[in-house]
Structure formats: C-alpha cells, structure tokens
2 protein chains.
Amino acid sequence: MFEIAQLAGVSESTVSRALSGSPLVNENTRNRILKIARSANYTVNINARNLRQKRTRTIEVLIPLAEYGRQHMSDPFYLDMLGVLADALSERHYDMLLTKRAPWAKGVETNSIQCGRADGIIIMGQGQDLEALRNFTDLYPQVVVWGGHLREDDYIVVGTDNVAGGKLATEHLMKLGRKRIAFLGDPAEPEIALRQQGYRKAFLDNGIAVDESLIFSAPFDAREARASAEKMLQSGVSFDAIFCASDVIAMSAITTLRNAGLDVPRDVAIVGYDDILIANSFGPSLTTVSQRIQEGGKTMVELLLQRIEGKSVDTTLLPVELVVRESCGAP
Amino acid sequence: MFEIAQLAGVSESTVSRALSGSPLVNENTRNRILKIARSANYTVNINARNLRQKRTRTIEVLIPLAEYGRQHMSDPFYLDMLGVLADALSERHYDMLLTKRAPWAKGVETNSIQCGRADGIIIMGQGQDLEALRNFTDLYPQVVVWGGHLREDDYIVVGTDNVAGGKLATEHLMKLGRKRIAFLGDPAEPEIALRQQGYRKAFLDNGIAVDESLIFSAPFDAREARASAEKMLQSGVSFDAIFCASDVIAMSAITTLRNAGLDVPRDVAIVGYDDILIANSFGPSLTTVSQRIQEGGKTMVELLLQRIEGKSVDTTLLPVELVVRESCGAP
DNA sequence: TGCGGGCCTGCAATGGATTTCATCACTCAC
DNA sequence: GTGAGTGATGAAATCCATTGCAGGCCCGCA
C-alpha cells in the first residue's frame, strides 16, 4: 500500500480511504488511485484489514456432510441450502466458511467467532445434543440455527412450522381417502419429532386414534432409509400411505415399494418433506411439504447479519405449504 | 496475549511459542502457560497470526452450486466431494472457504490467494472457459483442478481417466449383447467430451462404426436431463442401452424410460458415471463408473498442499473401475 | 482583515501475534 | 580458569491496513 501511495503521490491513509470507498476522499484523487492500484495489480491484505477492523465479513456454515468412510450419505437438502446461502452471503459481500464439526465437539479447542475467523455461525440442524447447542449460543449469540421450534430457546431459529407441516401432509393423505397412513422418520432429530407430532395431531383433530404400529421411527437416518422401508414391508403391518419425514426418505420408500411390486401411488400414496430440487429431476415426482429453502436461507442470513450488528432479532417461523412436483408421484 | 504473559510471569514471545508448540520453550513453562490460557478462555487471534505468517491455513473450494432462481440443480456429486474435501482438509488443520463464482468472473475484482484469504484453490470442474482458467493458473499456481486431462495444461488436474471410463462403460454394454448403445451427456463440459470420446473409441476398437444418431449431446446440464431423456424417446431413434455421462443423468433417464412403460434394464440397459452415494439409496441402483471420489478428494488436497509448500507436483490420473451398486438396475 | 466552516489530506497510533537476534545462566572439557 | 556450547527467555522489529485527530487551504461573510 505504501508503494501505491508513493506512485499516486499521496499518503497511505488516502489510498486506504480511496480503496474502501470512503466519501472523505476527493473524486479525482480516488480515480487516480484506483487506476494505479489496478495497474499495479494491488489488493488490500484481508488479514491486516480483519485484524484492524475486528471483523472478517465471513460466516461459518455448519453442515452434516457425507462421510465416505461409513458410506454415510448427506441429504441433498443441504446442497440446495448451501447454494442459497452462498448467494445470500455473497450478495452482502460475505464469505462462507464451511465446516462439518460443531465448535463444541471434542477435540475442537476453539471456535471461529472467538478466534476471529468468522463474524457469525449458521448451524444447519439442532442435532442431537440440544444442551451443548444451548450452552454454545449462550456464550456466542451471533448464531442462527436452522431447525425446529422448541420451547423458549434463546438462540435464533429459522425453519418451517414442522408441526403444521406434518399435519398438512397427513391430512392431505386423509383427504385422498387413505385409511392406514404410516409415518417414516427418525424422531431423534428435533425437526422430525415435530413433524411426527403434527402427524399425530392430524389424527387427534379428526377424532381418529393414532395407530402406534404405523409409526416407524426406529433410529436411522437417510443412509438407511431404504433398509427401513424394507423393514416396513416385512413387518407385515398393512398401510396404504406413508408420510415420509424427508424427500430422500420418500424417494427411497417409493423405490423399495415399487421393487416389491407395489404400485405407487395406487397401492401406497407417498408424501415427502423438503421440496428439494433433485426430486424434480427424477422420480416419480413427489407431493411434498416445502421447506422454503430459498426463503429460509435468505432469512437466516438476514437475521444473522442483523444480530451481528447488534440489533435484537426474533426467531422466524416459516409458514408451510404443500406442493406437488410434476406428474407421476402421489396425486 | 499480553495479559496471559503477565499472569504467567513471562514474555509474550514465550506465550506465543508455548501456544504454537515450539520446542524452544521449557516443558514446565509451557504447561503453566497452557493452563493459564485455558482458564482465561484465551485463543490466539487468527487474523493477527495470518497477517504475520503470511499464510492462512485456508483453502478455497470452487463449486457450481444450485441456483434457485432458475431452478438449477447442482449434482449431488459435489456434495459427496465436499464431504471428502472437508475431511481431508480438516485432518491437516486447514479450513475450507466455499465459493460459487470463479475468481476470473466479471465483477470479481480479486481472488482469495492474492488478497491473503486462502493459501490455495480447489476448482471443481474446468467449466466452459478453458482459457480463463489457464490464464488464472498461470498467474496463481497454487491451484488444483478436478476435471478431464486435456493436452499439456500446466495446472494440476486430478480426475479419472474419462476416455478409459467411457470406453469401459460402453464395452460393458456391448458385452451384455446390446447393439444400439446411445450416449447421453453434454460435451461442452470437458470431462463429458472425453467420456464421449471413450464411447466412440469402444466402437472403433471393436470394428463397429459409430452411429451418430445415437449420440444425444445437445447442450444441457443435469437440470434438464429428464427433458433430454424425453427428447431421446420422442426422436424415434431406437436403442437398447444408454451410457449416461453422470449418475444423475442416468437416474433421470431410468425414470423417464420407466414412465414411458419401458423395462429397465430389460428393454434398455443403463450405465452411469460418478458412483455417487445417493444412487445407492434409491434406485433402481446403477452400474456406474466410479469417480473414486474419496481417493480423488484426498489426492487433490495432498497435491495442493505440496504445491503450496513449493514442491513440484504432477497431474494425477485416477484409474477407472466399473462398479455395480445393488440389484435392480442394469445388470 | 479576520473568523468560522467545509473539504481534503497526512501523521501517528493501533490491532495481535510471530520471529530474529541478542542475552544470560550454566555446564563441560581442556 | 577460560572458552565453547546448550537451553531458555526477552526485546524489538515486523506483518499491513484503518482511523482519530490535527492541520492546511479556500471560501464566504461580516
């Protein structure tokens, strides 16, 4: 920067101001400096700037990513969300640091906010350890969490109204005349538990008793969705519809049922949750509860940046909506 | 850090050395300092460190991510790769900066290497503008590219032997006795072009003329794969097998064919490319050419770090292998 | 002529760690 | 007893940009 200052015949202060678009510098001076900087192929050093300004314009995003060792598949939902977040952040000139491990995990001695690597964190999903999350957000409030709305958590949560979503999906199947509607999903994940709650609510509100044998909620995640669907079949329990807690689960279920010679949706109707893009691309396409990924991602970024600026911010509950994607899935 | 030094009764130099694990500091002193630092909840400021050391222990990863505006879907292949990269990088104590836009794109005035944000860049896919990529890597050699092996490019490329892979896939279909094997994929992407080359080679090497009407290579990408498969059907060209340039395309094709009442693989056998995890989870599962995502991701990280350390490094060609995932797809 | 402002610009302090070089206390060998 | 060698620590320079404050200049107005 000193050299640029020399070339332009001004001080470093002026160069700095010119490059950062400060209104304190004269129009002509600025243009001259900009031209010189460009021709010298000069860029300000981000680290020096971060150090001085005590902020990094970087947001950490925490995502459960595929684990190849154990052949664990991560849900394409995250890929969609990542795309939206990348757009929303870059629009506001923020960078995105991607991480798999939670800052409170064992072996992680510090976190990116504390050590000045990021200004805030977006956490995708509450995960299983709700208390660790709560402790962390108590210490570092510059956090937004995607997930379900549990009691009075004091961190900012963005996500759909999972109970309403679960109810919506289930009632949709009821309206189709389905009598034995099963639930498939792992309630260890808070969001899924809420969706299951919505499923139950649909029955209760319609004066029907919940048949517990129809709730398949043994612990599993997407990677085992297919196996679980097979277990459903083998269990001998009869059903004519399934509310699947995610689109990936729904797609697995459809495949499994079809392989078993069943007709979807004639024999068994399916509804999913998420509305991920890939579900459109091959099918059969789904009726699904939209997670409003676009809206949700943008909202998370907005709220986080507001909180970073010190504004007080409230948790956001996104309204749910049932969408039908293309033709051949459940009607 | 000054405060920690005070508490421990030593100088800042010593604290710094103790915290960074320098052998120059006495065992006892180190432990004392570590204990104090922990109890004071102190962490070194990353930006100051980066500034001083002129390196960030951060790698930028460039990925074509989903674009919701135009409903563009990004291939789950990238999600798998992201997981592997995240592991490989964190194992070596590197962070991952995720970006959608190429540093040479319009409106991007600088790049992360130049401004000190990252030590190197991993670029997923050569994309369409080969020259821009070449110019960029000429200026900044700390780059590894995932993609196809084109002539004598001087940047480091990691990827499977796409020609061999294409040939392998095609010959597999030939061995199954298929006579009219189609190709589906967009050769605008260099990797795909090479796979198509392999497809042609399979015919030539077996003394069969290539039927150009079987090559469906109109420009499109994964988002339109389904539409393209439909066009194939409507074209009236008869075929009894398809070599699809990616698993996503293959899955779309399978769906489309089945919706049209065809039996896969009896009427039409399918082979894909990538071996993505999600393909196992719902199906029908695929015969596919493995991209060795795990191996490839690790290799990219290794080579990049070596180059950053100044070692001279060579492009790596991963051998191809045909894998069959589960039961119900093409045999 | 003198004074209050407005507009630019420069000086110098600042942010927080790393690292070179010097120092100092000791030991050991000759 | 002296010099070399070793191990641990500290002082101070360095990385590079930002910013509060002070100052210079010009203008208008009294």
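Just so you know, these numbers come straight off a predicted model, no measurement behind them.

### Overview of the relation of the copies chain B and chain A
Superposition of chain B onto chain A requires a rotation of 180 degrees combined with a translation of 0.0 Å along the rotation axis, giving an RMSD of 0.1 Å. Taken together, the rotation and translation describe the operation of a two-fold axis. Within chain B, leucine 97 of chain B has its C-alpha nearest the rotation axis, a separation of 2.2 Å. A high fraction, 100%, of the interface residues of chain B reappear at the interface in chain A, so the copies pair face to face through one surface.

### Description of the protein's contact with DNA strand D
The environment of DNA strand D is formed by 25 residues, the closest being Ser16, Tyr42 and Arg52 of chain A together with Thr14 and Arg52 of chain B. Sugar and phosphate atoms represent 66% of those atoms of DNA strand D found within 4 Å of the protein. A distance of 2.5 Å separates a phosphate oxygen of DNA strand D from a polar atom in the side chain of tyrosine 42 of chain A. Note that a base nitrogen of DNA strand D is positioned 3.0 Å from one of the side-chain N or O atoms of serine 13 of chain B. Where the surface near DNA strand D is concerned, the elements lending two or more residues are α2 (12–19) and α4 (46–53) of chain A together with α2 (12–19) and α4 (46–53) of chain B. The greatest single-element share of the surface near DNA strand D, amounting to 4 residues, is contributed by α4 of chain A. Across the surface near DNA strand D, the residue classes break down as 8 nonpolar, 11 polar and 6 charged.

### Notes on the interface of chain B and chain A
Taken residue by residue, the interface counts 60 residues in chain B and 60 residues in chain A. Taken together, both faces of the contact between chain B and chain A bury some 5200 Å²; the carbon and sulfur share is 57%. Put simply, chain B and chain A have 4 salt bridges between them. Along the contact surface separating chain B from chain A lie 20 residue pairs in polar contact (both at pLDDT 80 or more). Elements supplying a minimum of two residues to the side of chain B that touches chain A: α4, α5 (76–91), β2 (95–99), α10 (247–259), α11 (278–281) and α12 (293–308) of chain B.

### Considerations on the sheet that holds strand β6 (residues 181–184) of chain B
All names here are of chain B. Strand order in the open sheet made by the 6 strands is β7-β6-β8-β9-β10-β12, with mixed pairing throughout. Looking at strand neighbours, the two that pair on one side only are β7 (215–216) and β12 (322–324), the edges of this open sheet. Here helix α7 (residues 162–175) sits on the sheet in contact with β6, β8 (241–244), β9 (269–274), β10 (287–290) and β12, set at roughly 160 degrees to β9.

### Side note on the UniProt feature "domain: HTH lacI-type" (unreviewed entry) in chain A
Under the UniProt annotation, "domain: HTH lacI-type" (unreviewed entry) lies at residues 1–53 of chain A. Each end of residues 1–53 of chain A is marked by a C-alpha atom, and these two atoms are 17 Å apart; helix forms 68% of the span and strand 0%.

### A few points about the environment of arginine 134 of chain A
All names here are of chain A. Inspection of the secondary structure assignment puts arginine 134 in helix α6 (residues 130–139). Residue arginine 134 is classed as partly exposed on the basis of its relative accessible area, which comes to 22%. Remark: the alpha-carbon pair of arginine 134 and aspartate 154, spanning 20 residues in sequence, is separated by 7.8 Å. Among residues more than four places away in sequence, those in contact with arginine 134 are Arg151, Asp153, Asp154 and Tyr155.

### Topic: the packing of helix α9 (residues 225–234) of chain B against α10 of chain B
Residues and elements named next belong to chain B. Closest axis-to-axis distance for the α9/α10 pair is 8 Å, and the angle between their directions is 45 degrees. Put simply, α9 runs oblique to α10. For the crossing formed where α9 meets α10, the hand is right-handed. The segment α9 lies against α10, with Ala225, Arg226, Ala229, Glu230 and Leu233 engaging Ile249, Ser252, Ala253, Thr255, Thr256, Leu257 and Asn259. Looking at the contact of α9 with α10 residue by residue, the class counts come to 6 nonpolar, 4 polar and 2 charged.

### What to know about the sheet that holds strand β5 (residues 156–160) of chain A
Strand order in the open sheet formed by 12 strands is β11(A)-β5(A)-β4(A)-β3(A)-β1(A)-β2(A)-β2(B)-β1(B)-β3(B)-β4(B)-β5(B)-β11(B), and the pairing between neighbours is mixed. Two strands bound the open sheet, and with one partner strand each, they are β11 (316–318) of chain A together with β11 (316–318) of chain B. Going from strand to strand, the sheet's axes swing by 20 degrees on average, the running direction of each strand aside. Relative to strand β3 (residues 120–124) of chain A, helix α12 (residues 293–308) of chain A is tilted by about 150 degrees, and along the sheet it contacts β1 (58–62), β3, β4 (143–146), β5 and β11 of chain A. In this fold α12 of chain B packs onto β1 (58–62), β3 (120–124), β4 (143–146), β5 (156–160) and β11 of chain B, with an angle of close to 150 degrees to the strand it touches most, β3 of chain B.

Rules used throughout
- Residues numbered from 1 in each chain as written.
- Chains lettered and ligands numbered in written order.
- Predicted model: local features only at pLDDT ≥ 70, side-chain atom pairs only at ≥ 80, totals over all residues.
- Heavy atoms only, no water.
- Least-squares fit on C-alpha atoms with pLDDT ≥ 70 in both.
- Contact = heavy atoms within 4.5 Å.
- Near = heavy atom within 4 Å.
- Polar contact = N/O pair within 3.5 Å; in protein donor to acceptor, adjacent residues only side chain to side chain.
- Helix = DSSP H or I, 4+ residues; strand = E, 2+ residues; numbered from the N terminus.
- Nonpolar A, V, L, I, M, F, W, Y, C, P; charged D, E, K, R; others polar.
- Buried area = accessible area lost by both parts, 1.4 Å probe.
- Salt bridge = Lys/Arg side-chain N within 4 Å of Asp/Glu carboxyl O.
- Pairing = 2+ DSSP bridges.
- Axes fitted to C-alpha atoms, helices over the stretch in contact; angles between N-to-C directions.
- UniProt positions renumbered as here; feature names shortened; annotations may be inferred.
- Buried < 20%, exposed > 50% of the residue type's maximum accessible area, 1.4 Å probe, protein only.
- Parallel < 35°, antiparallel > 145°, perpendicular 65-115°, else oblique.
- Left-handed = near helix turned anticlockwise from the far one by under 90°.

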